[in-house]
Amino acid sequence: MAFPVDLRRCQVLGLAGTGCLALGGETAGALPVADLLRPDSGRAALGLVGVYFGVVLLIAAWLLLGRLVRGPRPPEPRSLLLVLAAWAAPLLLAPPLFSRDVYSYLAQGAMVEAHLDVYAHGPARLGGPLADEVAPLWRHTGAPYGPVFLVVAAALSGLTRGELPAGLFGMRLVALAGVALMATALPRLARHSGADPSAALWLGALNPLVLLHLVAGAHNDAVMLGLLGAGLVAALGRWPVLGAVLVTLAALVKAPAALGLAAVVALQVRAGRGLAKALVTTTVAAAGTTVAATAVAGTGYGWVGALNTPASPQNWALTTLLGRVTRALLKHLGSDLAPLAIPAWHALGIVAAVTAIALIWLRLRRRPVYALGLSLAAVAALGPAIRPWYALWGLFLIAAAAPSTPVHHRTAAVTGVLALSVLPSGGPADTSQLVLAVSGGALAVVVLWQAHQAELAPALGRGA
């Protein structure tokens, strides 16, 4: 007998999940240095259990909501947006979760405001309390972000005057604005692509990765994806120049969004505009936007060189893992080529990504939104660095344009795995932390099973 599902039940279950996330994060999250607890302390352990208890509840609520969306009477997009708002609400005031990147954003914003070259120097050059919050690995590394995001971070730094709580709250509001743009764009993109708007919202906006990393983690990928979605919506209508401007602004937050310009050109061609005219219009709009945005930010063009920012040693991208295995093997054989193993695999990954993108567009050029989603997924999967939230680059547009339910199923499976792959502190896990995380998730499974049995008991009694 199936577990009874309704929208209210899904909303309450997901709200309980994000509530547990927020409470657990108070002791196990990516807290300011002054508030950090020892990982082996009782409060930190309880917080870690609570976070993973909440993550599993949230995943369960999302999967149940997916059943409802695929059912005979799916909820309207407006109802799903209210569910998204309810799920996100507890995370608004929670500490940063699953990453310390938000502290880097604040430090880089303060550097821009102080007229320091954020591309030539890391936050260590700024010094002071904000620089101390940045993970040691990145204190001496230049910003890998474009001028659009940095000017937003600098404005926020000026408004908050370097106060950490206000800065964290402000950066989360910026991320929420990006998520709101994503959620607004998804139904329009889905209708254009012949997909179900409710299913697109479920997979692309209510996705646990969005809540865990774009909202709770306050990642600037939310701004990139929000601007990208808005640009594609504009290009669908009669505003291709505006579409090119918005997509370029997205790329000036994080570079992968630049692939969206190909979709802007393709959408113009589909609308009856000649290829040459579409290329010229898009190129001029993108170049003008880049020059204007860089001039307003005052950061110069150092962001071009910053695209080579090194990957974290803890990075588990496919090409990095293959490089490490190859390097170890070459070392064992006594070869002098061992230091070249990882760079070589990274180069091969870039070649593979370019090849994959070319094949995708050759096959799906008549479906530019879907082609763009798959292209961004290829960039994330084959690039030199990957984090769980990078999966959202492609997933956001795949949700809007995927041609079949099996694609949604496979994407949902990937989401569930990635949602459980990072500790709330954003740091590497040791054995004891893994045990606590698994315990929290297992406890949630037990609670859900008991609730399921309690729901079925009256019906089974009547059947007897």
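Description of the structure in this document. For clarity, every value in this text was computed on a predicted model and none was experimentally measured. (Residues numbered from 1 in each chain as written. Predicted model: local features only at pLDDT ≥ 70, side-chain atom pairs only at ≥ 80, totals over all residues. Heavy atoms only, no water.)

**Concerning the overall build of the chain**
Then step 1. Scanning the chain from terminus to terminus reveals 20 helices and zero strands.
Then step 2. The C-alpha radius of gyration of the chain comes to 23 Å, within 12% of the 23 Å expected for a compact globule of 464 residues.
Then step 3. Along the first, second and third principal axes, the C-alpha atoms of the chain reach 70 × 55 × 55 Å.
Then step 4. When burial is assessed residue by residue, the chain has 51% of its 464 residues classed as buried.
Then step 5. Entry remark: accessible area of the chain is about 20,600 Å², with carbon and sulfur atoms responsible for 67%.
Then step 6. Charge separation in the chain, taken as the distance between the mean sites of 30 positive and 16 negative side-chain charges, equals 15 Å. (Helix = DSSP H or I, 4+ residues; strand = E, 2+ residues; numbered from the N terminus. Rg over C-alpha atoms; globule rule 2.2 N^0.38 Å. Buried < 20%, exposed > 50% of the residue type's maximum accessible area, 1.4 Å probe, protein only. Areas by Shrake-Rupley, 256 points an atom, 1.4 Å probe, with all protein chains shown as cover. Lys, Arg positive; Asp, Glu negative; His and termini not counted. Charge placed at Lys NZ, Arg CZ, Asp CG, Glu CD.)

**Quick notes on unusual backbone geometry**
Then step 1. At Phe98, a position not held by glycine, the phi torsion is positive, near 70°.
Then step 2. With respect to the helices and strands, the residue Phe98 is situated in the loop between helix 3 (77-88) and helix 4 (101-113).
Then step 3. Accessibility expressed as a relative area gives 2% for Phe98, which makes it buried.
Then step 4. Despite not being glycine, His115 shows a phi value in the positive range, around 65°.
Then step 5. The topology assignment puts His115 in the loop between helix 4 and helix 5 (128-133).
Then step 6. Residue classification places His115 among the exposed positions, given a relative accessible area of 73%.

**Side note on a nonpolar patch on the surface**
Then step 1. A cluster of nonpolar side chains, namely Leu93, Phe169 and Leu173, defines an oily patch on the protein surface of about 290 Å² accessible area.
Then step 2. In this structure, Leu173 sits in helix 7 (residues 164-193).
Then step 3. For Leu173, a relative accessible area of 39% gives the class partly exposed. (Patch = residues over 30% accessible without salt bridge, like charges linked within 9 Å, V, L, I, M, F, W, Y side chains within 5 Å. Salt bridge = Lys/Arg side-chain N within 4 Å of Asp/Glu carboxyl O.)

**What to know about helix 9 (residues 208-215)**
Then step 1. The element helix 9 is extensively covered by neighbouring structure, given that eight of its eight residues are classed as buried.
Then step 2. Taken together, the buried positions of helix 9 are occupied by Pro208, Leu209, Val210, Leu211, Leu212, His213, Leu214 and Val215.
Then step 3. Sitting at the head of helix 9, Asn207 places a side-chain oxygen 2.8 Å from the backbone nitrogen of Leu209. (Polar contact = N/O pair within 3.5 Å; in protein donor to acceptor, adjacent residues only side chain to side chain.)

**A word on the layout of surface pockets**
Then step 1. Estimated volume of the second largest pocket: approximately 490 Å³.
Then step 2. For the second largest pocket, the lining is made up of 22 residues, of which Ala377, Ala381, Ala391, Val414 and Leu418 are closest to its centre.
Then step 3. At the level of elements, helix 17 (368-382), helix 18 (391-401) and helix 19 (405-419) are the ones that each hand at least two residues to the lining of the second largest pocket.
Then step 4. The element contributing the most residues to the lining of the second largest pocket is helix 19, with six residues.
Then step 5. Among the residues making up the lining of the second largest pocket, the classes are represented as 17 nonpolar, three polar and two charged. (1 Å grid on protein atoms, 1.4 Å probe; cavity = no way out; pocket = protein on both sides within 12 Å on 5 of 7 lines; lining within 4 Å. Points joined across faces, edges and corners; volume = space filled by probe spheres on them. Nonpolar A, V, L, I, M, F, W, Y, C, P; charged D, E, K, R; others polar.)

**Let's talk about the environment of Ser104**
Then step 1. With respect to the element layout, Ser104 can be found in helix 4.
Then step 2. Through-space distance from the C-alpha of Ser104 to that of Asp132 is 9.8 Å; in sequence the pair is 28 residues apart.

**Notes on the nonpolar core**
Then step 1. Within the largest apolar cluster, 134 residues are counted, with the highest numbers of intra-cluster contacts made by Leu65, Trp87, Leu206, Leu228 and Leu397.
Then step 2. Among the elements that make up this core, the one with the highest residue count is helix 2 (residues 42-69) (16 residues).
Then step 3. Contact partners of Leu65, with chain neighbours within four places excluded, come to Leu7, Cys10, Leu80, Val83, Trp87, Trp202 and Leu206. (Core = buried A, V, L, I, M, F, W, Y, C linked by side-chain atoms within 4.5 Å. Contact = heavy atoms within 4.5 Å.)

**Brief notes about the state of the cysteines**
Then step 1. In this structure the tally under the stated criterion is zero disulfides.
Then step 2. Cysteine Cys20 shares no disulfide, and the gap to the nearest cysteine sulfur, in Cys10, comes to 17 Å.
Then step 3. Relative accessible area serves as the criterion here: at 23%, Cys20 is assigned to the partly exposed category. (Disulfide = S-S within 2.5 Å.)

**Here's the deal with the pattern of salt bridges**
Then step 1. Within this structure, the stated rule accounts for three salt bridges.
Then step 2. Across the salt bridge formed by Arg9 and Asp6, the nearest N and O atoms sit 4.0 Å from each other.
Then step 3. Judged by its relative accessible area of 26%, Arg9 falls in the partly exposed class.
Then step 4. Of the charged contacts, one joins Glu133 and Arg100 as a salt bridge, the two residues approaching to 3.2 Å between their closest N and O atoms. With Glu133 in helix 5 and Arg100 in the loop between helix 3 and helix 4, this residue pair connects regions lying 33 residues apart in the sequence. Of the two residues examined, Glu133 and Arg100, each falls in the buried class.

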